[in-house]
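Breakdown of the fold
This is what each chain is made of:
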Amino acid sequence: MAILLVFIIWSIVMVLTLFYTLKDIDKFFTSSILLAARTAHNKDVLYRHWVAMQGGVYVPITELTPPNPFLSNNPNRDITSTSGLKLTLINPAFMTRLVYESFPTNEIRSHLISLDPVNDNNLPDEWEKFALRKIMEGKDEIYITETFDNKEYLKMVKAFIADKSCLKCHNDAYCKPGKPAGAISINYETTAVKKRFFLHKKALIVRHIIIWLIGFVFIFIGLYTIQRYVKRLQKMQSKLHANNMAKDTFFSIIGHDLRAPLNGLIGYSDLLISKRSLYDEEKQQKFLKSINISAHLMNNLLDNLLTWSREQSGLIDYNPAPLELKIFCDELILLFNEIALQKEVHIINNIIDECNIRAGRNMLETIFRNLLNNAIKYTGPGGQVSISSYVYGKYCIIEISDTGIGMSNEQLSNLFLFTALQSTSGTSNEKGTGLGLILCKDFIERHGGKITIESEMGHGTKVKLSIPINSKKIH
């Protein structure tokens, strides 16, 4: 919607700019042809006055310059030079007419007109009569544009003001110095000039269209970039808001789950310190086991919390190296034997020798530690946790199964959602946040593998990991 609105505004701006620019060109065209016509008029008047001041000029008698019949009463009209050349007197009006008749292709032509001419060739046409009347009323010039034989013309009539030099050829009744003695009619064929202006306007329209298109492209790119940035910012804000809510939930759970084992430690240790004599050895041993379980639980919670914090800060490096999985699992199981024995849970390692993988040892320890801890936590006395593997293509598939309490479909769907972290008690009332599984998913994906979980309430849980095998043999 925003792009459409800006596009409409941009289009309106370009159309208005083009419209007023074309209007200015039309005005400039009109002012240009008027200037050309006025310049031609001023030039003609200048020459007329100069010739009038000389009383006319003599030229050789030819077909193009015959004697002027309107000067027949002038005894000096025709003369013969000392060399025998016959000359005739040319007055200003006759000179102007002969000049333009000698150059018929000239774009600008002019001639003298009058409502009461001496020469019938100076009779005005209907429009010129109208213009002459306006001149006599005090107008300086009248002009129109018209088309004739598919050619465009500017017709201009300007007042011709008589001066004393005009009296050399005309009497006082016809010419009064300082008053209009007729007018000069100018015909300017503007077809060629208008064509040049038309080509200029056409080029201007093309340039405006190009600028419009380029502007639209830049506007589209700019708005698209801004919208993407705004959406990304909104997404980041939403994500930040969700993360803040999740972290609030997470730290609330962490505080609750750390407090429970800590209270157990304090409570059982206080009993052993203050009332040890009241309990037999078997009861004391039970208290010590509870203290040990609470300590292990707190250690696991703190490990996950610190590992998650480092992972969120990008401080955990992924440095894969060849690893013998069976030996790795044997070493890790030793760490859980004590807590497994206390819960009477049996751990079985069925990892095959062929599963030699390439992995980051620290990340893999975090993955297996969390999965084994969960398996033991949610498995009751007499239960079993088994670790097995097989090769599938370029991956080693690792399965960690237990015979514990299992999970519902709703729990399965929320396992890897940070926003759905919740505290879940184990079979011995151990606490858990679900943060460990999120760490497992992140770390296994950084290995190029994936994690899937299958579970059913009352029928245990099976976790499958896929990790790329090591193509090189370990020596």
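Numbers given for residues are sequential positions, taken from 1 along each chain in its written order. Reporting of local features is limited, given that this is a predicted model, to residues whose pLDDT is at least 70; pairs of side-chain atoms are given and counted only at 80 or more, and all residues count toward the totals for whole chains, interfaces and linings. Side-chain measures here rest on the full set of heavy atoms in the structure, leaving out hydrogens and waters.

**Concerning the overall build of the chain**
Only runs of H or I of at least four residues qualify as helices and only runs of E of at least two qualify as strands under DSSP, and these elements are numbered from the N terminus. In terms of helices and strands, the chain carries nine helices and 14 strands. Partly exposed residues are those whose accessible area sits between 20% and 50% of the maximum for their type, while under 20% is buried and over 50% is exposed, using a 1.4 Å probe and protein chains only. Residue burial in the chain is summarised as follows: out of 475 residues, 38% are buried. By definition, residues are in contact when any of their heavy atoms lie within 4.5 Å. When contacts within the chain are restricted to residue pairs at least 6 apart in sequence, long-range pairs at least 24 apart make up 68% of them. Each accessible area is a Shrake-Rupley result for a 1.4 Å probe, and residues are judged covered by the shown protein chains and nothing else. A total accessible area of about 28,400 Å² is found for the chain, and carbon and sulfur atoms account for 58% of it.

**Some details on the packing of aromatic side chains**
How two aromatic rings sit relative to each other is set out by the distance from centre to centre and by the angle between their planes. The pairing test for Phe, Tyr and Trp rings, Trp by its six-membered ring, is centres within 6.5 Å, and the orientation test on the planes gives stacked under 30 degrees, edge-to-face over 60, and tilted for anything in between. All chains considered together, the criterion is met by nine aromatic pairs. For the pair Phe-7 and Phe-216, a centre-to-centre distance of 4.7 Å together with 70° between the ring planes defines the contact as edge-to-face. Placement of the pair is Phe-7 in helix α1 (residues 2-53) and Phe-216 in helix α4 (residues 191-274), with a sequence separation of 209 residues. Residue Phe-216 is classed as partly exposed on the basis of its relative accessible area of 26%. With a centroid separation of 6.4 Å and 15° between ring planes, the pair formed by Trp-212 and Phe-216 is classed as stacked. Here Phe-216 and Trp-212 lie together in helix α4, a separation of four residues that amounts to about one turn. Each member of the aromatic cluster is reached from another via a ring pair, and the members are Phe-7, Trp-212, Phe-216, Phe-220 and Tyr-224.

**So, the packing of helix α6 (residues 325-342) against helix α7 (residues 361-377)**
The axes of two packed helices give the description: the angle between them and the distance between them. Helix axes are fitted to C-alpha atoms over the stretch in contact, other axes to C-alpha atoms as well, and angles between N-to-C directions run from 0 to 180 degrees. The contact between α6 and α7 brings their axes to 10 Å, and the two run at 40°. By the angle between their directions, the pair α6 and α7 is classed as oblique. Between α6 and α7 lies a crossing of right-handed hand. Judged by residue contacts, Leu-325, Phe-328, Cys-329, Glu-331, Leu-332, Phe-336, Ile-339 and Ala-340 of α6 engage Arg-361, Leu-364, Glu-365, Phe-368, Arg-369, Leu-372, Asn-373 and Ile-376 from α7. Each residue belonging to the contact of α6 with α7 can be placed in one class, and the counts come to 11 nonpolar, one polar and four charged. Roughly parallel refers to an angle under 35 degrees, roughly antiparallel to one over 145, roughly perpendicular to one between 65 and 115, and oblique to any angle outside these ranges. For any pair of crossing helices, the crossing counts as left-handed if the nearer helix is rotated counterclockwise from the farther one by less than a right angle, and right-handed if it is rotated clockwise. Put simply, Ala, Val, Leu, Ile, Met, Phe, Trp, Tyr, Cys and Pro go in the nonpolar bin, Asp, Glu, Lys and Arg in the charged bin, and everything else, Gly too, in the polar bin.

**Here's the deal with the nonpolar core**
Side chains that are nonpolar tend, in soluble globular proteins, to be buried together. Counting residues in each nonpolar core, the largest one holds 40 residues, and the members touching the most others are Leu-325, Leu-364, Phe-368, Ile-387, Ile-398 and Leu-465. Of all elements in the fold, only α6, β10 (356-359), α7, β11 (384-392), β12 (395-402), α9 (435-446), β13 (450-455) and β14 (461-468) reach the threshold of two or more residues within this core. The residues contacting Leu-465, other than those within four sequence positions of it, are Ile-367, Phe-368, Leu-371, Cys-396, Ile-397, Ile-398, Ile-444, Lys-450 and Ile-451. To form a nonpolar core, buried Ala, Val, Leu, Ile, Met, Phe, Trp, Tyr and Cys residues must be joined to one another through side-chain atoms within 4.5 Å. Judged by nonpolar contacts, the second largest core, of 20 residues, contains Leu-22, Phe-29, Ile-33 and Ala-37.

**Examining the packing of α7 against α9**
Packing of α7 against α9 brings their axes to within 9 Å, and their N-to-C directions diverge by 145°. Between α7 and α9 lies a crossing of left-handed hand. In this structure, α7 contributes Met-363, Thr-366, Ile-367, Asn-370, Leu-371 and Asn-374 to the contact, and α9 contributes Gly-436, Leu-437, Cys-440, Phe-443, Ile-444 and Arg-446. By residue class, the composition of the contact of α7 with α9 is seven nonpolar, four polar and one charged.

**Comments concerning the side chain of Thr-461**
By secondary structure assignment, the location of Thr-461 is in strand β14. Side chain to side chain, Thr-461 and Ser-455 meet in a polar contact 2.9 Å long. We define a polar contact as two N or O atoms separated by no more than 3.5 Å, with the added condition that, inside protein, one atom must be a possible hydrogen donor and the other a possible acceptor, whereas residues neighbouring each other in sequence contribute only through side-chain atom pairs.

**Section: the pairing of strand β5 (residues 141-148)**
Judged from the eight bridges that link them, β5 and strand β6 (residues 151-161) form a sheet pairing that is antiparallel. Bridge pairing links Thr-145 to Leu-154 in β6. Strands are labelled as partners when DSSP assigns at least two bridges between them. Taken together, β5 and the strand that follows it, β6, pair antiparallel across an intervening segment of two residues, in which Asp-149 is found at a positive phi of about 55°.

**Concerning the pairing of β12**
Counting buried positions over the eight residues of β12 gives seven, a clear majority of the element. Across eight bridges, β11 lies against β12 in antiparallel orientation. Residue pairing in the sheet places Ile-387 in a bridge with Ile-400 of β12. Taking the residues between adjacent antiparallel strands as the criterion, β11 and β12 are bridged by two residues, where Gly-393 takes a positive phi near 65°.

**Regarding the sheet that holds strand β2 (residues 78-80)**
Here we have three strands laid out as an open sheet, ordered β1-β3-β2, and antiparallel in their pairing. Of all strands in the sheet, those with a lone pairing partner are β1 (57-60) and β2, marking the two edges. For this sheet, the mean angle separating the axes of adjacent strands, direction not counted, is 35°. With three bridges joining them, β2 and strand β3 (residues 86-90) adopt antiparallel strand pairing. Across the sheet, the residue bridging to Ile-79 is Leu-87, located in β3.

**So, the pattern of salt bridges**
We count a salt bridge whenever a side-chain nitrogen from Lys or Arg sits within 4 Å of a carboxyl oxygen from Asp or Glu. Inspection of every chain in the model, using the stated rule, returns 15 salt bridges. A salt bridge links Lys-201 to Asp-26; its shortest N-O distance comes to 2.9 Å. Residue Lys-201 is found in helix α4, and its partner Asp-26 is found in helix α1; the two are separated by 175 residues along the sequence. Lys-201 sits in the partly exposed class, given a relative accessible area of 21%. With its nearest N and O atoms 2.9 Å apart, the salt bridge here joins Glu-141 to Lys-158. Note that Glu-141 is positioned in strand β5 and Lys-158 in strand β6, a separation of 17 residues in sequence. Each of the two residues, Glu-141 as well as Lys-158, counts as buried. Connected via shared salt-bridge partners are Arg-38, Asp-140, Glu-141 and Lys-158.

**Structural notes on the sheet that holds β13**
Here we have five strands laid out as an open sheet, ordered β9-β11-β12-β14-β13, and mixed in their pairing. A strand with exactly one partner marks an edge of an open sheet, and here the two such strands are β9 (346-350) and β13. Strand-to-strand twist across the sheet, computed as the mean angle between neighbouring axes with direction ignored, equals 15°. Pairing of β13 with β14, which is carried by six bridges, proceeds in the antiparallel orientation. By the bridge assignment for β14, Thr-452 is matched with Lys-464. Across the sheet, α6 lies against β9, β11 and β12, angled at about 180° from β9, the strand it touches most.

Purely geometric numbers; function is a separate question.
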